[in-house]
Structures are given as structure tokens and as C-alpha cells.
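An overview of the molecular structure
Chain by chain, the residues run as shown.
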There are 2 protein chains.
Amino acid sequence: MAKHLVIMAGGIGSRFWPMSTPQKPKQFIDITGCGRTMIQQTFDRFDGIIDIDHVWVVTSASFKELVAEQLTGINPQHILLEPCMRNTAPCVAYVSWKIQKEDPEALIVVAPSDHLVMKTDAFKAAIAKGFEFVAQGDRILTLGMTPTRPETGYGYIEQGTEACPGIFNLAAFREKPDLQTAISYLEKGGYTWNSGMFMWSAATIVEELRKYASQIAGVMDQILPAMFTDREQEVVNELFPTCEKISIDYAVMEKTQVAFVQPAEFGWSDLGTWGSLHTLTAHDDADNAVIGDSVRMIEASGNMVKVPDGKQVVIQGLKNCIVSEHNGVLLICQLSEEQRIKEWHD
Amino acid sequence: MAKHLVIMAGGIGSRFWPMSTPQKPKQFIDITGCGRTMIQQTFDRFDGIIDIDHVWVVTSASFKELVAEQLTGINPQHILLEPCMRNTAPCVAYVSWKIQKEDPEALIVVAPSDHLVMKTDAFKAAIAKGFEFVAQGDRILTLGMTPTRPETGYGYIEQGTEACPGIFNLAAFREKPDLQTAISYLEKGGYTWNSGMFMWSAATIVEELRKYASQIAGVMDQILPAMFTDREQEVVNELFPTCEKISIDYAVMEKTQVAFVQPAEFGWSDLGTWGSLHTLTAHDDADNAVIGDSVRMIEASGNMVKVPDGKQVVIQGLKNCIVSEHNGVLLICQLSEEQRIKEWHD
């Protein structure tokens, strides 16, 4: 049973403006300044686990070239283009039907393209363990991130009884909690962050989608004959928009009888905000996280600075701000106000 | 007696970094965003008073091309290149000797190249009045700016008795005062800011320099035969550096018996600092002075922003700061710390 990787790369990352733009969102940008974009880092961390011939990307039609450029060597047939955003269930369905057509025995890991993982070894161990588990039968596995703080920005997964060592029955999904609730989750234990990473066999997810998302499954059955043919995109463009707009969590995960959660800790972040980048990037003594090799900080503290390498910048007396320049667009704002960034552009 | 204009353009404007650089200092930059550089504005405001054939520029050898580019139509023989900085007395001497050689009857106004004048009509009236005065004989006239606030960043001129309507004997130069003294000047009256603008005939200034700066006059006499010949620059390069390093204020103004001051008010500033630019530029309701046509200010107040037109900038929550980008170099600092800007670059 061959292992396949599906990278979900349709997001638009509007909270990371000006670095992230609708034309080139977060997943296609080297946000951390490490020399690799987020989608490249996502690809890289499966090295040794997934063969490049088994890598799939689902993205928006407008990002086709970006994917092909950044993930060189990937099979063009494996870049799936959504003509419009229909949330994650139709997207998962499309790629699952297609993988199953090519490889009915396929085991699949689904990963967002724009998340950060700091501990690659722990990550690889978790993925290996997960594949072992889902290879044993009809199982829908989600990776739950062991919480390190009472985070209110993530959804939580509540564990049930232990199904096998380190893997639990999934008791319930919990929406983003308020602080009080988040603290209680942390104190009680048995709650993990919903990372958006899933593992299953192609057969299982197709079956579960047929059961719980029959409208979407019906559309996929219509598209199926055109898959891997010259007509595929045309048919997808026509039929995909007719899919119900629903997340895989709501469509399948909350209803299926075979859901499991595997808690894991590998330095994960969804890098959803400048603040999370600030938390995760190396700091100087004054709590500044600076990405950019020609930045001078003077009497400045608590700032998140991200500018291109080579750009000469002097910052004096600034506190707890974001300074970001990308494609010649400059943003200076308070870190505390970052949720409003998307209101300020376009 | 023809009227000549001498523009002093040798300064290096280090306090205006990153806009002003040693390669292209303040006078060659469109600081106010009006579409004309400071030296062009200086030239423009003498329109109708001084014929272009009577415009002279003294500058550093490295700025020769900048002057020629920005003041098109100026006689190349009238761009005088100092091989090194020797303060203002040798510079005034060189151009005065040269003007006198071409036009012994010349009347001269000397003006810095990087100052701001807001009220051009009042300026022209003051210059006309000054020329009338210095045309009448051996007179060294300085224009004193009527103070509008107890400024401690300028030198002051103390007036003596009124020599003729609106023109006074010059009693004394006063160094930059402390705030207490500046307030007393304002209360007493009879004190004006030293603008660095002078008027005289070529004959008078040459005579006064012979009297009070004989070393410099001696060097100029040696250079004189080479002026307007192919050898001029070579001889200047050899002899000019031997001049005493001294300002025209110290060398002549404080000693001469024929010094006068004409108080005037034409919205003048030496634009010596970002703060003065902030004071003089149009403000929004939140006291932001913004130069740049694509800047969005949100909950920001008291800032001085200067970025290129077309550069998209969003600034939120910033207070009393300078934000300047020039040639791709970005400075963000507190307005109160602007005197330290020169420490932060090179």
C-alpha cells in the first residue's frame, strides 16, 4: 500500500498582508526567512516518507504556475485546480477520487501547505505511526497537537478512550474556546489542537464521503471518467462549483464512526498571524523577532520585523509593532491590532 | 550693475538620512514632494530677479553632474567645484573673485541651496529691497528672519540702530541660545534668525575679505589668473585646500564695520531636521505630515512620513515618529531622537 501526500494549498492568507497577497499568498512565501517557502517546507518534511511521484497538491487555478515552480519534479497530473473555493470537503473528495483511480490501495496523509513544524524528526515519527494505524483498516485519523498554552485561536479535539497505544477514539470537536475554557482543557488534559492534518486510506475516505456527503460524492462520480484525460479541467470547472460548500470536519469528521486522534508534539503552528510568527522566530535580547539581514534595531523591543534580505532598515524606539515590507508595500502597525490587517488593504 | 546669484551647494545634510546621503545630499532631493529639488526651488525663487546667465553655484567636485542636471541652462563656467570643504569663507571668496573678474560691477546675493521659503512674493520683495541697499555703496547686508518662536536651533542677529527704513546696523551675532535666552530675544525684540543669506557688491566683499581674511584673499589672488581658463580646476585643486577653514560669519561678518541686517519674514526654514519638515508640511487632523501619495494613516498621530510617490504604505498606531524610505533604505525612529540619526548610518 503506497503512501501519498496531499498538500492543501488553496488558502489566501489575508492576515499576513503585505507579505501575503491574493496573487501570492502565504504558502508560496518564505515567511520564516529560511530560504524555502511554506509549501516547500511542507513538501520537504515528508522527505524519506513519501515518494515525489505520490505527492498531490490541491490549489486554486490561479496558483498552478506557483506550485509547478516551487515544487519542481511534481507530476503535473497531480496538481489539482479548484475553479472556486468550496471549503475543504469537495477539495478532499476530488483528490481522493483521483488518487483512488490511480492507486486503489493508496494510503493518504492530508496536510495544509502553510503550517510550520519545528521538530521534523518528531513529525516524521508521528506520520510513520499514523500510516501504520490507518493501514490496518477503515480508520479516519486526525493528528491532534498537544497544547502548550491555553490558546483561543485554535479548535480543539476531545479524546475518548485509548484505542491503541498513543491513539484515541475521537470524542468530539470543540470550537475555538474562550480563555476560561481553554485553561480548563489544559488542566483536564485529553484535549489537543486541531491541526488540519488527516490520514486515511483512499478507500476509507471515499466510503465515508459517500456515507456522509453524498451530494459531493455524486459530483465526484460524474467527474471520475474525465480524470487523467484532456477533458478533466473542463469537466471540473463545470461540475466542481455545484458541490456543497462545507469543511471536511463538518462533513465527515464529526459524523464518522471510525474517527481517531493521535496526539503529537512537533513544534507545530498554523502561522496564522504575525504574532505566531513573532512567537516562533528567534528573538534578540529585547524580544524583537527580525527576519531580514540588514536590519538595525535601536531601543526597540517586542517587534516583529520581516523585510527582504539586503534591505537596509534602521528602527529606533519602536515597541510591540509589526514592520513588514513585501513587494515594495510597507506595513507598520501594532502587533495587538494584527487581526485588523485584512481591513486595511485592497 | 547686474545682479548675480550665488547658490552655496556644498552641504552634506547628514541629519536627513536616509533621504539625504553623501552621494546625493538634501539640496539635490525633492524633500517637500513638490516636484522640484531644494536647489531647483532655490533657483526658481529668483525667477524674474536674476538672469540665468548670472547664476553661480559653489559645490563639491562630486556634485558637478547633479548641479548640471538639475539646473539645466546654467553656464558650466559658473559651477565652481571645491576640491575639499573649507567652510564658507574660502567658498565665498572663490566665487566673489571669479564674478568680479567677469563683472567688476556685480551685485551679489548669496543663498544656501537647501533652505525652504514658503512666501515667494515676500521673498522677492525682500531681495529687491536688499539689492537697492547694497547698490548704494560699501555695504554687507545679511537677511535676518523675524522669529516666530523661541527657536534654539538657529543663531541670532542682534539689531543696532535703524540705518534706513527696515534696515539696521548689525550689532552682534549670537550663537544658538538656550530656551530661556531665546524667549528673552523674542520678548525684547530686535533679534532675528541668521539665515545665511547675504547681499553685497563683488567689490565690497572682495575688499572686506582682503581686510579681514588676508590669507584667503592671498590664495584667491594666486588663483585669479587661471580663472576662466582650462587650468582653473587644476590650480584650484592645488591651492584651495591651503585656505584657512573658517566661516564667512567669523571671518568677515563679525569684524566688518559695514554690516547691516534686514529683517524679513517669508516663511523661511533651514529645513535642518525632520522636525522642521514636519512643522512646515501640511498636517492631517492627527498632526501627521505625510509626503507620499499612497500612504494610509490609521490611529497614527504626530508622525513625519516621507516615502516615494506610488509606494503603498499602511501605518497604524504609530505616534510621533519619522518614517522615511529613500533609495530602498527605511528609517523608523522617534521624532524626538532625530539629532541622533547621523549616528545610525554609514
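Thresholds, definitions, all that
Residues numbered from 1 in each chain as written. Chains lettered and ligands numbered in written order. Predicted model: local features only at pLDDT ≥ 70, side-chain atom pairs only at ≥ 80, totals over all residues. Heavy atoms only, no water. Helix = DSSP H or I, 4+ residues; strand = E, 2+ residues; numbered from the N terminus. Rg over C-alpha atoms; globule rule 2.2 N^0.38 Å. Buried < 20%, exposed > 50% of the residue type's maximum accessible area, 1.4 Å probe, protein only. Contact = heavy atoms within 4.5 Å. Areas by Shrake-Rupley, 256 points an atom, 1.4 Å probe, with all protein chains shown as cover. Lys, Arg positive; Asp, Glu negative; His and termini not counted. Charge placed at Lys NZ, Arg CZ, Asp CG, Glu CD. pLDDT = per-residue confidence, 0-100. Expected span 1.5 Å × (residues − 1). Right-handed = clockwise from strand over helix to strand, strands pointing away. Pairing = 2+ DSSP bridges. Buried area = accessible area lost by both parts, 1.4 Å probe. Salt bridge = Lys/Arg side-chain N within 4 Å of Asp/Glu carboxyl O. Polar contact = N/O pair within 3.5 Å; in protein donor to acceptor, adjacent residues only side chain to side chain. Phe/Tyr/Trp six-rings, centres within 6.5 Å; stacked < 30°, edge-to-face > 60°. Lys NZ or Arg CZ within 6 Å of the ring centre and 35° of its normal. Least-squares fit on C-alpha atoms with pLDDT ≥ 70 in both. Axes fitted to C-alpha atoms, helices over the stretch in contact; angles between N-to-C directions. Parallel < 35°, antiparallel > 145°, perpendicular 65-115°, else oblique. Left-handed = near helix turned anticlockwise from the far one by under 90°. Nonpolar A, V, L, I, M, F, W, Y, C, P; charged D, E, K, R; others polar. Disulfide = S-S within 2.5 Å.

1. Topic: the overall build of chain A
Helices and strands together make up the secondary structure of chain A, namely 10 helices and 17 strands. Relative to the compact-globule value of 20 Å for 346 residues, chain A shows a C-alpha radius of gyration of 21 Å, a close match. Seen through its principal axes, chain A has C-alpha atoms that stretch 60 × 50 × 35 Å. Across the 346 residues in chain A, those meeting the buried criterion constitute 56%. If you take every contact in chain A between residues at least 6 apart in sequence, the share linking residues at least 24 apart comes to 67%. By element, 49% of the accessible surface of chain A is carried by carbon and sulfur atoms, the whole surface being about 13,900 Å². One finds the centroid of the 29 positive side-chain charges in chain A at a distance of 2 Å from the centroid of its 44 negative side-chain charges.

2. Section: the confidence of the model for chain A
For chain A, per-residue confidence averages 94 on the pLDDT scale, and residues scoring 70 or more make up 100% of the total. Model confidence for the complex: the whole-complex pTM is 0.76, and ipTM, which rates the interface, is 0.74.

3. Quick look at helix 3 (residues 88-102) of chain A
Three- or four-residue spacings in an α-helix give side chains the same orientation, since the helix completes a turn every 3.6 residues. All names here are of chain A. With 15 residues, helix 3 should reach 21 Å at 1.5 Å per residue; the first-to-last C-alpha distance of 21 Å fits that figure. The buried count for helix 3 comes to 11 of 15 residues, which makes it a mostly enclosed element. The set of residues buried in helix 3 consists of Ala 89, Pro 90, Cys 91, Val 92, Ala 93, Tyr 94, Val 95, Ser 96, Trp 97, Lys 98 and Ile 99.

4. A word on the environment of Ile99(B)
Residues and elements named next belong to chain B. Position of Ile 99 among the secondary structure elements: in helix 3 (residues 88-102). Looking at Ile 99, the relative accessible area reads 0%, which means it is buried. For the pair Ile 99 and His 54, spaced 45 residues apart in sequence, the C-alpha to C-alpha distance is 9.0 Å. Leave out the neighbours within four places in its chain, and Ile 99 touches His 4, Val 6, Trp 56, Ala 106 and Ile 108.

5. Regarding the pairing of strand 2 (residues 55-60) of chain A
Residue and element names in this part refer to chain A. Within strand 2, six of the six residues are buried, leaving the element largely enclosed by the surrounding structure. Read as a crossover between parallel neighbours, the route from strand 1 (residues 3-9) over helix 1 (residues 38-44) to strand 2 is right-handed. Here strand 2 pairs with strand 3 (residues 79-82) via four bridges, running parallel. Across the sheet, Val 58 pairs through a bridge with Leu 80, a residue of strand 3.

6. Regarding the interface of chain B and chain A
Listed as interface residues are 26 residues of chain B and, on the opposing side, 26 residues of chain A. Carbon and sulfur atoms make up 51% of the surface buried where chain B meets chain A, a total of about 2,200 Å² over both sides. For chain B, the biggest contributors to the area lost against chain A are Gln316(B), Leu330(B) and Ile332(B); these three give 28% of the whole. Taken together, chain B and chain A are joined by four salt bridges. A salt bridge links Glu325(A) to Lys311(B); the shortest N-O distance between them is 2.8 Å. Inspection of the chain B/chain A interface yields 18 residue pairs in polar contact (both at pLDDT 80 or more). Put simply, the parts of the chain that give the side of chain B that touches chain A at least two residues each are strand 13 (295-298), strand 15 (313-316), strand 16 (321-326) and strand 17 (329-334) of chain B. For the side of chain B that touches chain A, the leading source of residues is strand 17 of chain B, giving six residues. Where strand 17 (residues 329-334) of chain A and strand 15 of chain B come together, three bridges link them in parallel fashion.

7. Structural notes on the packing of aromatic side chains
Overall, the coordinates contain 26 aromatic pairs over all chains when judged by the stated rule. Taking 6.4 Å as the distance between ring centres and 80° as the angle between the ring planes, the aromatic pair formed by Trp56(A) and Phe228(A) counts as edge-to-face. Highlighted residues: Trp56(A) in strand 2 and Phe228(A) in the loop between helix 7 (214-223) and helix 8 (232-239), separated in sequence by 172 residues. Owing to a relative accessible area of 0%, Trp56(A) belongs among the buried residues under this scheme. Three or more aromatic residues joined by ring pairs make a cluster, and in this case those are Phe46(A), Phe123(A) and Phe266(A). Directly above the ring of Phe228(B) sits Lys98(B), whose terminal nitrogen or CZ lies 4.8 Å from the centroid. Taking the ring centre of Phe133(B) as reference, the NZ or CZ of Arg139(B) above it sits at 4.2 Å.

8. Looking at the relation of the copies chain B and chain A
Of the two same-sequence chains, chain B is brought onto chain A (RMSD 0.1 Å, axial shift 0.1 Å) by a rotation of 180°. In symmetry terms, the pair is related by a two-fold rotation axis. Comparing interface residues between copies, 100% of those in chain B also lie at the interface in chain A; the contact surface is shared.

9. Some words on the packing of helix 7 (residues 214-223) of chain B against helix 8 (residues 232-239) of chain B
All names here are of chain B. As a packed pair, helix 7 and helix 8 sit with axes 10 Å apart at the nearest point and diverge in direction by 155°. In terms of orientation, helix 7 and helix 8 fall into the roughly antiparallel class. As for the relative orientation of helix 7 and helix 8, their crossing is right-handed in sense. On helix 8, the residues that touch Val 219, Gln 222 and Ile 223 of helix 7 are Val 235, Val 236 and Leu 239. A per-class count over the contact of helix 7 with helix 8 returns five nonpolar, one polar and no charged.

10. With respect to the packing of helix 3 of chain A against helix 7 of chain A
Residue and element names in this part refer to chain A. Relative orientation of the contacting elements helix 3 and helix 7 amounts to 40°, with a least axis distance of 10 Å. Taken together, the axes of helix 3 and helix 7 are oblique relative to one another. The handedness of the crossing between helix 3 and helix 7 comes out as right-handed. Residue-level contacts link Ala 89, Pro 90, Ala 93, Tyr 94 and Trp 97 of helix 3 to Ile 216, Ala 217, Met 220 and Asp 221 of helix 7. Among the residues forming the contact of helix 3 with helix 7, the class breakdown is eight nonpolar, no polar and one charged.

11. Re the sheet that holds strand 13 (residues 295-298) of chain A
As a general point, the strands of a sheet are linked pairwise by backbone hydrogen bonds and lie either parallel or antiparallel. Read from one edge to the other, the open sheet built from six strands follows the order 13(A)-15(A)-17(B)-16(B)-14(B)-12(B), with strand pairing classed as mixed. Edge positions in the open sheet fall to strand 13 of chain A together with strand 12 (289-291) of chain B, since each of these has one partner strand only. Going across the sheet, the axis of each strand differs from the next one's by a mean of 5°, ignoring polarity.

12. A short note on the state of the cysteines
Across all of its chains, the model carries zero disulfides over all chains by this definition. This cysteine, Cys321(B), is not joined by any disulfide, and Cys333(B) carries the nearest cysteine sulfur, 7.1 Å off.

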